[in-house]
Amino acid sequence: METLKKNDNKIRLAFVISSNLREWAGMEHVLYQYCINKPEGIDIVIFEPELALNPRISEEKVRELFKDCTIRNFKGYFNKLSSLEKSGIGKVLTEVIFIPVLAILLKYTFLKELRSQLGQFDVVYFFNPNREPKLLGRGKQILIGSTHAWFPGNSNLFKRLELKLLVDGLIMRNLNYFHFFPSQFNLLKSEQRERFFSIPNGVDSEKFVPNEREESNIKFLFLARLEECKGILTVIQAFKRLQTDKDIELHIVGSGTLSSQIERESGGRIYFHGFVSEDDLPNVISSCDIFVYPSRCDSFSLVVLNALSCGLHVITTTEISENFYPMFEAGFITTARPEIDDTANAMQRAIKNIESIRTNKIKCHNMVKEKYDWKKITDEFYAKILNMRKNF
């Protein structure tokens, strides 16, 4: 086993992610920004499961992107259970039975090496606190959980119960601190916030910029993994219900288990682009007017920020919009229930307000740049880490 060289002048920070970096989805993009914007006084090692469920980029590309950080693999047993969690019963079995049993079985066997390696770090940050943190106890290091891949909140009874158990210290008691996004942090009373902190995700505001469109046609956009919980089927049916004499289009970008079905649905005014490269993404987004995203499985959506930074008006759920309250308050976000009728009504209103939406694109971008630029966000994140270490 490789031993991490100790440098008393630097903080040794481990990020433990619950998906392989080759999957290159939201969490991986966030971790990339944490890596390229790290301050001089911090050494970073990323621990990823060896199994990539849905790889989008090559191992060579991963090494290129994360060249400033060290990457180590571990046997992602929890990662292999993801397919079970796609059904309601599977999720209950996984969370209530399989995960606790595996934690007991693996704690002193298969993951002994991972536990030993993590013990070398000053700070360990977990992207999914329902996974590997269960294998660790409190020690002489700072353990931080987050809601990047775990969604306690206010959307249903189960999520409210999870939040209460966490806040009351009845679950995940081994974690010293917890990174919430604004929608969860705002549910806490002031006296409950001692070990919780709130920092949003960010956006590359130099890359995602508005584009002045000369065409008069109105373009709706859906961009995400093509999975049912992301709301793509809702968007398609809502679009088909729109009644207007204006020239409207729906552009769909992404890949996933529903790709074949979406391809069959395309045609006429519905355009399916499939997977779009990172370099082409800003142009694709900025060529549209309205981003529709009725997702039921997001904590803090990067794609919403990308769309807002390109000046698009966003239609999304209340749960997602609560993470972007300044943008909602300024009128750049419309909320709708993740249902066909409510989404269609919001899209219909956006058509009526299209001139205002286009006029305010630059204003929308400037507000995103001021509040959510990645450099600002990562500076705040690392200032928090340094302060934790100082006071630990």
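A. Expanded view of the overall build of the chain. Of the regular secondary structure elements, the chain holds 16 helices and 13 strands. Sequence-distant contacts, at least 24 apart, represent 69% of the contacts inside the chain between residues at least 6 apart.

B. Highlighting the side chain of H313. Mapped onto the elements of the fold, H313 is located in strand β12 (residues 313–316). Among all residues touching H313, those that are not within four sequence positions of it are D289, I290, F291, G331, F332, I333, T334 and I357.

C. Unusual backbone geometry, seen in detail. Positive phi, normally seen in glycine, also occurs at W24, with a value near 50°. Within the secondary structure, W24 sits in the loop between β1 (11–16) and α1 (26–36). Exposure remark for W24: the relative accessible area of 9% places this residue in the buried category. Notably, M172 is not glycine yet its phi reads approximately 55°, a positive angle. For M172, a relative accessible area of 12% corresponds to the buried category.

D. Summary view of the pattern of salt bridges. Under the criterion given, the structure shown has 17 salt bridges. In this structure, K230 and D298 form a salt bridge, with 3.0 Å as the shortest nitrogen-oxygen distance. Taken together, the residues K230 in the loop between β8 (218–223) and α7 (232–240) and D298 in the loop between β11 (290–293) and α10 (302–309) connect sequence positions 68 residues apart. The partner of E339 in a salt bridge is R337, and the shortest N-O contact between them spans 3.4 Å.

E. Molecular detail of the sheet that holds strand β9 (residues 248–253). Strand order across the open sheet formed by six strands is β10-β9-β8-β11-β12-β13, with parallel pairing between neighbours. Edge positions in the sheet fall to β10 (270–274) and β13 (333–335), since each of these pairs with one other strand and no more. Taken over all neighbouring pairs, the strand axes of this sheet differ in orientation by 20° on average, direction set aside. Across two bridges, β8 lies against β11 in parallel orientation. Of the residues in β11, the one forming a bridge with L221 is F291. α10 rests against β8, β11, β12 and β13 of the sheet, and its axis sits at about 170° to β11.

F. Molecular detail of the sheet that holds strand β2 (residues 42–49). Strand order in this open sheet of seven strands is β3-β2-β1-β4-β5-β6-β7, and the pairing throughout is parallel. The sheet is open, and its two borders are formed by β3 (70–74) and β7 (196–198), each paired with just one other strand. Going across the sheet, the axis of each strand differs from the next one's by a mean of 25°, ignoring polarity. Bridging between strand β6 (residues 177–180) and β7 involves three bridges; their strand directions are parallel. Paired with F178 across the bridge in β7 is F196. Along the sheet face, helix α16 (residues 374–391) touches β1, β2, β4 (123–126), β5 (142–146), β6 and β7 and points at about 120° away from the line of β1.

G. Inspection of α16 at higher detail. An ideal rise of 1.5 Å per residue puts 26 Å on 18 residues; α16 measures up with 26 Å between its terminal C-alpha atoms. Along α16, the residues classified as buried are W374, I377, T378, F381, Y382, I385 and M388. Projection of α16 onto a plane perpendicular to its axis shows the buried side chains occupying an angular sector of 120°, all on one side. In this structure, α16 carries K390 and N391 as exposed residues pointing more than 90 degrees from its buried face. Looking at where α16 begins, the residue whose side-chain oxygen comes 3.1 Å from the main-chain nitrogen of K375 is D373.

H. Fine view of the environment of E228. With respect to the helices and strands, E228 occurs in the loop between β8 and α7. Distance from E228 to R296, taken between C-alpha atoms, is 9.0 Å for residues 68 residues apart in sequence. Discounting residues that sit within four places of it in the chain, E228 has contacts with L258 and R296.

I. Examining the state of the cysteines more closely. Across all of its chains, the model carries two disulfides by this definition. The disulfide that involves C229 links it to C297, with 2.0 Å between the sulfurs. The disulfide joining C229 to C297 has a torsion of about 70° about its S-S bond and is therefore right-handed. Of the two residues, C229 is situated in the loop between β8 and α7 and C297 in the loop between β11 and α10; the sequence distance between them amounts to 68 residues. Its relative accessible area of 25% is what places C229 among the partly exposed residues. Disulfide partners in the chain, listed by the sequence order of the bonded cysteines, are 1-2, 3-4. The closest cysteine sulfur to the non-disulfide-bonded C310 is located on C364, 9.5 Å from its own sulfur. Overall, the relative accessible area of 0% leaves C310 in the buried class.

J. Highlighting the environment of Q120. Along the chain, the position of Q120 falls in the loop between α4 (112–118) and β4. The buried category is assigned to Q120, whose relative accessible area is 15%. Distance from Q120 to A14, taken between C-alpha atoms, is 9.2 Å for residues 106 residues apart in sequence.

Analysis parameters
- Per chain, the residues get numbers from 1 upward, laid out in the order the sequence is written.
- This being a predicted model, a pLDDT of at least 70 is required before a residue's local features are given, and a value of 80 or more before pairs of side-chain atoms are given or counted; all residues contribute to the totals for chains, interfaces and linings.
- Water and hydrogen atoms play no part in the side-chain values, which are based on all heavy atoms of the structure.
- Numbering of helices and strands runs from the N terminus; a helix is a DSSP stretch of H or I covering at least four residues, while a strand is a stretch of E covering at least two.
- What makes two residues a contact is simply this: any of their non-hydrogen atoms within 4.5 Å.
- Type-normalised accessible area, obtained with a 1.4 Å probe on protein chains alone, sets the label of each residue: buried when under 20%, exposed when over 50%, and partly exposed for intermediate values.
- Whenever Lys or Arg places a side-chain nitrogen within 4 Å of a carboxyl oxygen from Asp or Glu, that contact is recorded as a salt bridge.
- Any two strands with at least two DSSP bridges between them are considered paired.
- The convention used is that axes are lines fitted to C-alpha atoms, helices contributing only their stretch in contact, and that angles between N-to-C directions extend from 0 to 180 degrees.
- Expected span of a helix, by definition, is 1.5 Å for each gap between consecutive residues, and there is one gap fewer than residues.
- This arc describes the spread of directions from the helix axis toward the C-beta atoms.
- The definition of a polar contact used here is a pair of N or O atoms within 3.5 Å, where within protein one atom must be able to donate a hydrogen and the other to accept one, and adjacent residues in sequence count solely through side-chain atom pairs.
- We call a pair of cysteine sulfur atoms a disulfide whenever their separation is within 2.5 Å.

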